[in-house]
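Chain residues, written in single-letter form:
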Amino acid sequence: MNNPDLTLAAETRSVLGVPDLLLSDLEPLYLRRSGTSLLIDFSTGEAALLHFGADLGPALPDLSLLGDAVPHSAFDVPVTLGLIPQASSGWRGRPGLRGHRNGQAFSARLRVVSVERSGGERSGGEACSAVITQSDPEAGVSVRTEIKINDGGLLQLRHRLDNDGAGPYSLDELAAVLPVGRAATEILDLTGRWCRESHPQRQPLHQGTWVRSGRHGRTGHDASLLLAAGTPGFGNRHGQVWAVHLGWSGNHESFVDAAADGRTVMGASELLGAGEISLAANASYETPWLFAAYSAAGLDGISDAFYTWFRGRPHHPGVQSGKARPVVLNVWEAVYFDHRMPVLLDLAESAARLGVERYVLDDGWFRGRRNDQAGLGDWYVDEDLWPGGLAPLIDAVTGHGMEFGLWVEPEMVNEDSDLARAHPDWIAGPAGRLPERWRHQQVLDLVNPEAWQYIFDRLDALLSEYRISYLKWDQNRDLTEMGHAGRPSVHAQTRAVYRLLDELRLAHPDVEIESCSSGGARVDLGILERTDRIWASDCNDALERQTIQRWTGMVVPPELVGSHIGPTTSHTTARTHDLSFRAITAMFGHFGLEWDVRHLADSERTELAGAIALFKQYRPLLHSGRMVRADEPDPALRLHGVVSHDGGEALYALVSLATSFAEVPGRVCLPGLLPDAAYRVEAVYPAADDRRAFLQAVPPAWLAGGVEATGRFLAESGLPMPVLNPEHGLLLAVRRVTAAAPAAAGGHPVRKS
Ligand code: GLA
């Protein structure tokens with residue numbers, strides 16, 4: 001909604017030369033939703049970021065009285081923290097905009113031109129958003145910023161920079177930032193590597209800038225899926241937390257900038273190569289979306305904001321779409337490149353008998369692909385291996401009632417491929433030489449329209465010819481030294497990949513796509529806008545997965561996180577785990593198997609079929625409920641669960657990561673239930689007498705038949721837990737039995753029905 005009273009054309013302002021006077025009439029922008037608010041003041045002529053965090057209530061004080069004090073040896077007026085922090089307003093922290101015109105000194109002085117608001121408090125409508133346009137006519141640039149707070153409190157912000165000047169403008173950086181409350185004293189972010197993605201690191205917040213740079217050309221195994229700052233010791237369910245994520249799959253930076261003037265901002269930007277974005281007159285550049293959340297109740301509140309946003313999307317897969325996430329069997333760790341038909345058929349039959357619902361044929365099916373050294377780019381079914389094409393296998397799979405999925409890696413090319421031999425110039429790189437190989441492969445230059453079209457056509461042909469319901473879309477190398485036509489090209493390549501996915505989805509709307517990137521090297525909300533799940537890691541070791549999934553799950557809800565039961569002895573760590581631990585770990589995700597299930601012992605087959613059935617029973621809850629994680633003091637133990645939004649049921653996993661310092665775990669709290677409702681808690685897996693899982697003379701009495709307690713008792717006092725062997729889990733099902741009468745002081749919260 002454009003409000004003409006509040007809009008002043010740039011020309012008018014510069015002719016009148018009194019912008020500040022008139023803009024002081026512009027009322028502040030105050031977006032409020034789901035307990036979160038953002039406050040921007042315009043009285044200086046700039047869009048001044050005053051607050052992002054807790055909802056401040058309906059009434060605001062006179063903001064013109066709230067400017068900071070001016071210290072000695074400083075600018076003569078209070079320094080504004082702008083929506084685009086800039087030196088022209090005295091900001092000496094990390095600038096929001098950097099660029100130049102033909103190498104000449106460039107300084108912008110952006111001033112607000114218009115503010116369009118919609119929904120929220122003002123209209124009583126659902127939306128809560130605004131578009132702010134700022135301009136500097138002398139510098140010849142303007143920036144249009146879209147901001148919205150979604151249901152659940154997740155804020156989205158992105159800028160578009162327009163080159164209004166006559167000549168080209170070279171952009172070095174355009175960042176999206178938000179203020180962080182002064183109470184924040186600690187930073188938490190994530191890092192990782194192949195088979196060990198999404199591990200947290202914490203540190204005190206000092207003055208200065210903490211920057212996480214991703215120069216992998218893809219999101220990266222070490223990418224910080226979430227950058228958070230919070231009050232001392234903020235935990236899963238306590239403390240104030242501010243957090244940001246950049247929805248982008250190319251080079252990027254996220255940062256916390258604690259300036260000398262005492263203010264702290266958090267933000268992120270695309271990391272651009274030298275000369276990568278050169279805007280001709282009237283051309284524009286748009287930043288990726290910055291996603292930001294605030295929680296007054298620890299990291300679980302941040303997850304709530306992200307999950308609510310994900311699940312509110314019309315195309316979100318799973319419970320909301322009416323189609324449950326199918327149990328997967330991926331053949332990779334079962335057969336690798338051994339694509340003999342009898343083996344694959346056997347596997348399909350065994351999988352179907354166990355209750356699998358989707359069968360995914362991994363790498364190795366296309367021309368020349370007998371190992372990982374050749375074939376990428378030749379997206380034709382290998383005639384030698386598959387004389388009848390893929391149809392016989394697909395018919396068998398679908399005949400067993402399963403969907404069929406196929407692995408592809410469309411962005412890559414082996415030098416040993418017909419494609420590379422025919423089009424050596426389609427390999428991306430610097431002029432005159434090839435980048436270093438990685439897994440024997442190079443990157444296909446999808447900025448080249450012919451290469452892009454070839455890939456689109458091949459995938460379109462495969463999806464048209466075969467009954468393929470799912471693509472495992474892989475991307476197995478860093479995009480180092482990316483170049484197209486002599487310029488760095490990660491930005492253009494990333495956009496080209498997005499367009500490829502977008503157009504294939506348009507052409508084949510029923511095909512689901514997984515984003516895999518040597519495991520979890522491409523997990524971000526840019527790729528997840530156009531894919532239906534991510535592969536969190538190539539590591540199927542349940543112990544490693546506990547941490548990888550816990551932190552990936554900060555942002556991404558379990559129905560989008562591929563999570564498979566791997567072989568008894570992990571192929572990537574050589575650790576051996578019981579089936580119950582592997583299954584309990586995989587259940588808190590988009591569950592599947594990646595294991596040769598043809599030759600299981602009868603007892604193992606029965607247990608596996610039972611675990612699959614158990615997952616299916618709890619799937620609607622697991623894929624729609626609220627994720628809760630206890631602040632468990634024993635570092636050897638973890639307790640996490642999913643609670644339905646109406647508080648009617650929950651499924652928790654107690655996990656022992658190592659041996660404990662204590663003789664017995666004692667009472668472990670089960671948070672997140674309705675405090676005054678009564679619940680029945682039962683241990684459902686493994687069986688209480690499983691000697692591999694437990695090491696105790698006598699288990700807690702409730703373990704055999706369950707126990708009833710109020711939500712408050714379970715959250716505040718907890719239940720005594722059995723002594724789990726290290727690297728084991730216990731699954732607890734919780735069901736509401738009544739709305740409990742308020743317990744009298746000194747009364748007994750535990751009632752036997
Ligand atoms: C990557 C993936 C694996 C598997 C292989 C196939 O490493 O992450 O899951 O698909 O490629 O080559």
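This text gives an overview of the structure that appears in the document. Source: prediction; values computed, not measured.

Right, let's get into the overall build of the protein chain. A count of helices and strands for the protein chain gives 15 helices and 39 strands. For a compact globule of 753 residues, the expected C-alpha radius of gyration is about 27 Å, and the protein chain comes in at 28 Å, within 12% of that figure. Taken along its principal axes, the extent of the C-alpha atoms in the protein chain is 85 × 80 × 45 Å. For the protein chain, the residues scored as buried account for 59% of the 753 residues in total. Taking the contacts inside the protein chain whose residues are at least 6 apart along the sequence as the reference set, 71% of them involve residues at least 24 apart. With the model as given, the accessible surface of the protein chain reaches about 28,700 Å², and the carbon-plus-sulfur share is 52%. Each charge sign in the protein chain was given a centre, from 69 positive and 94 negative side chains, and these centres are 3 Å apart.

Strands sit in the order β1-β2-β3 across an open sheet of 3 strands; the sheet is antiparallel. Edge strands, defined here as strands with exactly one partner in the open sheet, are β1 (29–33) and β3 (48–54). Ignoring which end each strand starts from, the neighbouring axes of this sheet average 5° apart. Pairing geometry for β1 and strand β2 (residues 36–41), over 5 bridges, is antiparallel. Across the sheet, residue Arg-32 finds its bridge partner in β2, namely Ser-37.

As a further point, take the pattern of salt bridges. Oppositely charged side chains may form a pair once their charged atoms are brought near each other. Considering all chains together, one arrives at 51 salt bridges under this definition. A salt bridge links Glu-46 to Arg-111, with the nearest nitrogen and oxygen atoms 3.9 Å apart. One end of the pair, Glu-46, is in the loop between β2 and β3; the other, Arg-111, is in strand β5 (residues 111–119), and 65 residues separate them in sequence. Using a relative accessible area of 2% as the deciding quantity, one classes Glu-46 as buried. Between Glu-512 and Lys-323 there is a salt bridge; the shortest N-O distance is 3.8 Å. Linking Glu-512 in strand β28 (residues 512–515) with Lys-323 in the loop between α4 (298–312) and β20 (328–330), this pair joins segments that are 189 residues apart in sequence.

Turning next to the environment of Arg-437. For Arg-437, the position within the fold is in the loop between α8 (418–422) and β24 (441–443). By relative accessible area, which is 53% here, Arg-437 ends up exposed. Setting aside its immediate chain neighbours within four residues, Arg-437 contacts Glu-415, Gln-442 and Arg-477. In this structure the side chain of Arg-437 is engaged in a polar contact, spanning 2.8 Å, whose partner is the side chain of Glu-415.

What counts and how
- Residues numbered from 1 in each chain as written.
- Predicted model: local features only at pLDDT ≥ 70, side-chain atom pairs only at ≥ 80, totals over all residues.
- Heavy atoms only, no water.
- Helix = DSSP H or I, 4+ residues; strand = E, 2+ residues; numbered from the N terminus.
- Rg over C-alpha atoms; globule rule 2.2 N^0.38 Å.
- Buried < 20%, exposed > 50% of the residue type's maximum accessible area, 1.4 Å probe, protein only.
- Contact = heavy atoms within 4.5 Å.
- Areas by Shrake-Rupley, 256 points an atom, 1.4 Å probe, with all protein chains shown as cover.
- Lys, Arg positive; Asp, Glu negative; His and termini not counted.
- Charge placed at Lys NZ, Arg CZ, Asp CG, Glu CD.
- Pairing = 2+ DSSP bridges.
- Axes fitted to C-alpha atoms, helices over the stretch in contact; angles between N-to-C directions.
- Salt bridge = Lys/Arg side-chain N within 4 Å of Asp/Glu carboxyl O.
- Polar contact = N/O pair within 3.5 Å; in protein donor to acceptor, adjacent residues only side chain to side chain.

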